[in-house]
Amino acid sequence: MRAADLITASILAIFGGLVIVDAMRLGVGWGMDGPKSGFFPFWLALILVGCCAVIMAQEARKATGRIFAEREKLRLVLKVLWPAVLAVTLMQWLGLYVASALYLGFYMRWVGRHSWAVVIPLSIGIPVFTFLVFEKWFYVPMPKGPLEAWLGY
Amino acid sequence: MGVENLLLGFQVAVTPFNLLVAVMGILLGTIIGVLPGLGGANGVAILLPVTFAMPPTSGIILLTSIYWGALFGGAITSVLFNIPGEPWSVATTFDGYPLARRGDGGQALTAAFTSSFVGALFSIVLITFFAPILAEVALRFGPPEFFAIQLLTFSSFVGLGGGNPLKTVVTIVIGFILASVGLDIVTGQLRLTFGFTGLMKGFDFIIAVIGLFGIGEILLSVEEGLTFRGAKVGVNLRVVLDTWKILPRFWRTFVRSAIIGFWMGFKPGGATPASFMSYAFAKRFSKNPGNFGKGELEGVVAPETAAHAAGVAAILPMITLGIPGSPTAAVMLGGLIIWGLQPGPLLFTEKPDFVWGLIASMYTGNIIGVLMVLTFVPFFAAILRIPFAILTPLIIVICAVGSYAVHSSMLDIWYMVLFGIIGYVFKKLDYPLAPLVLALVLGDLAESALRQSLIMSQGSLAIFFTRPICAAITLLAIFIFALPAITPWWRRMRGAPSAPVKPIATDS
């Protein structure tokens, strides 16, 4: 936990540093007609860096407490995360509906070990239902790919 | 005058279409409240694009109904599955789950729903009377007062939120920084984009809400392996009527909890502490405090009344000051802006039909809500029996749909994933998420209020202390900010042992 806290606080401090650099570029003082663009972010980032420094000092004095996540738990989290990232990547090329169908089907089969009789109707039915609700009913367009183009949408 | 306006509101709210919208909203909201990973805030965020095609009044009725539904739904999972769907339902599990295990789940749920309803009604009546008054006072506010109120809003996260106050400050500041990314509308300069065109439009808080609360919550809950072991429940008319015969006995708890809920609720992050506080009070004043935690009906009544009263009270600052009291209210505020309405005190004079329609719909929505959840409990409980491997990808797809719909931007889905990972790490390290979201929403408003104030005063911060109302609010905010530093010192002065403050989640 301590290591994770230290790493997070340092990443946030670096982020604060970046903001300070950009704010300096924009100017942090008084402009022609009021505070310059960098004024607000500059002071915020200064507070951020200050707080992170104190948090790091607090954590460094602490004994190593509970760990961030056990290996087994982290594995479960990653097992959700990477298929989701893959699905989002696919959405760019195949559109949301096709990517969702593949993702749902893959996840149900791979993690859930559900039978094909469950997997196929659900992984096709859910995107079709989403399509009807968003595109047809509420006119909210979703990313579309080659399949939708072929179908004429 | 107030009654006339309310009648006008009912004429708007009680049309067949708006009633249908309310029913749909509560149905969806309850489902969202029951599902792990989806709660009031991101449920409302995901469905926000759906309202773009509606008149604003119907839109806000849909969103608020989802909110009521989510509040009711949280009680179902707490009582039957011992899983608090929302942080403010944690206290409900203390006695709700033991009751369900004993076979009195029906009684516990009836008590929970009825208490929610009573708490909500209490707050709505107060809003009906106080909202116009507060709006009138707020009309006289200038930029310094608005900035002072912002300070007060965030001070209550730091001073009253519990946990490490520094971490709360960090999340607030990050929220404000993220809000300033992109085009600065005052000077026309690009800020913090570092040459990336994707960053030019900045970060939308709706995406942040979906990622932080939706994806983050899922990642957190899969750690536990997610197997639901629920208690069976039967709610029928007999159980409901029998419970209603018992409930009047707890009238003192109802009144006390509703007052605590309203008082805590119109300040940000109030629902969770309110529910714990009213549970603690109910236990202290009870004749048999030993029964609490083992299945005491009063232990369900107290937190549910307070949580729902607080949840409703969060709407008050949103419609009167344009400052939301909770992330869910923040999303609704975002909705108002998208529909072309300017949130704040002017709404009452410029769009009375909208405001009073909203207030009236709070009455109808909660009445419809309590009847619906009482009738359909078995249906809602069945949702949690859907296997995990189906629910998880489904929720992630829903979150992606919601994120994309806001701006039709693929990049937003990536931001959602990123915010999800940040949300997971922050939750694990006890960085509170609600202040980040609120800061992201209020960032532009806060910055322009600060800039305008400084322009008024030629750059002197003294302006926040020279105007009477502003000075009072600013000093109160500074006092609350300093509370975490003052409290240990105060305890030492009085000779009491300096007990660490119990951390309370403030993600309401």
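Since the structure is predicted, the reported quantities are computational estimates derived from the model, not experimental observations. (Residues numbered from 1 in each chain as written. Chains lettered and ligands numbered in written order. Predicted model: local features only at pLDDT ≥ 70, side-chain atom pairs only at ≥ 80, totals over all residues.)

### Re the overall build of chain A
Per the secondary structure count, chain A includes 6 helices and 2 strands. Shown N-terminal to C-terminal, the secondary structure of chain A runs as helices and strands in the order α-β-β-α-α-α-α-α. Compactness check: chain A gives a C-alpha radius of gyration of 24 Å against a globular reference of 15 Å for 153 residues, more than 25% above the reference. The C-alpha extent of chain A, read off along each of the three principal axes, is 60 × 50 × 25 Å. Within chain A, the proportion of its 153 residues that are buried is 31%. Expressed as a percentage of contacts within chain A between residues at least 6 apart in sequence, the contacts between residues at least 24 apart total 54%. (Helix = DSSP H or I, 4+ residues; strand = E, 2+ residues; numbered from the N terminus. Rg over C-alpha atoms; globule rule 2.2 N^0.38 Å. Buried ≥ 20, exposed ≤ 12 C-beta atoms within 10 Å, placed from the backbone. Contact = placed C-beta atoms within 7 Å.)

### Quick word on the overall build of chain B
Along the backbone of chain B there are 21 helices and 2 strands. The C-alpha radius of gyration computed for chain B amounts to 22 Å, which stays within 12% of the reference 23 Å derived for 508 residues, consistent with globular compactness. For chain B, the spread of C-alpha atoms along the three principal axes comes to 70 × 60 × 55 Å. When each of the 508 residues of chain B is scored for burial, the buried share is 62%. Within chain B, residue pairs in contact and separated by at least 24 positions form 80% of the contacts whose partners lie at least 6 positions apart.

### Remarks on the domain arrangement of chain A
Domain assignment breaks chain A into domain 1 (2-61) and domain 2 (71-151). When each unit is reduced to the centre of its C-alpha atoms, the spacing between domain 1 of chain A and domain 2 of chain A is 39 Å. (Domains from an automatic or database assignment.)

### Some thoughts on helix α16 (residues 352-383) of chain B
Taking 1.5 Å as the rise per residue, α16(B) with 32 residues should run 46 Å; its terminal C-alpha atoms sit only 39 Å apart, a clear shortfall. Roughly 75 degrees is the biggest bend found in α16(B), and it falls at B:F376, with proline B:P378 one to four residues downstream. (Expected span 1.5 Å × (residues − 1). Bend = angle between axes of the 7 residues up to and from the residue.)

### Notes on unusual backbone geometry
Residue and element names in this part refer to chain B. In this structure, S408 takes a positive phi of about 50 degrees despite not being glycine. According to the C-beta neighbour criterion, S408 is exposed, with 12 such atoms within 10 Å. One non-glycine residue, Q458, lies in positive phi territory at about 60 degrees. Note on placement: Q458 falls in the loop between α19 (434-456) and α20 (463-466).

### Comments concerning the interface of chain A and chain B
Contacts between the two partners involve 53 residues from chain A, matched on the other side by 49 residues from chain B. Elements represented by at least two residues in the side of chain A that touches chain B include exactly α1 (2-26), β2 (34-35), α2 (39-61), α3 (71-94), α4 (96-110) and α5 (116-137) of chain A. Of the residues belonging to the side of chain A that touches chain B, the class tally is 41 nonpolar, 8 polar and 4 charged. (Nonpolar A, V, L, I, M, F, W, Y, C, P; charged D, E, K, R; others polar.)

### Things to note about the nonpolar core
Membership of the largest hydrophobic core comes to 220 residues, with the highest contact counts inside it found for B:V44, B:V209, B:A310, B:A400, B:V437 and B:L440. Filtering out sequence-adjacent residues up to four positions away, B:L440 remains in contact with B:G175, B:L178, B:A179, B:F203, B:F205 and B:A208. (Core = buried A, V, L, I, M, F, W, Y, C linked by C-beta atoms within 7 Å.)

### Some words on the environment of A:R113
As for its placement among the helices and strands, A:R113 is situated in the loop between α4 and α5. Separated by 96 residues in the primary sequence, A:R113 and A:G17 have C-alpha atoms spaced 47 Å apart.

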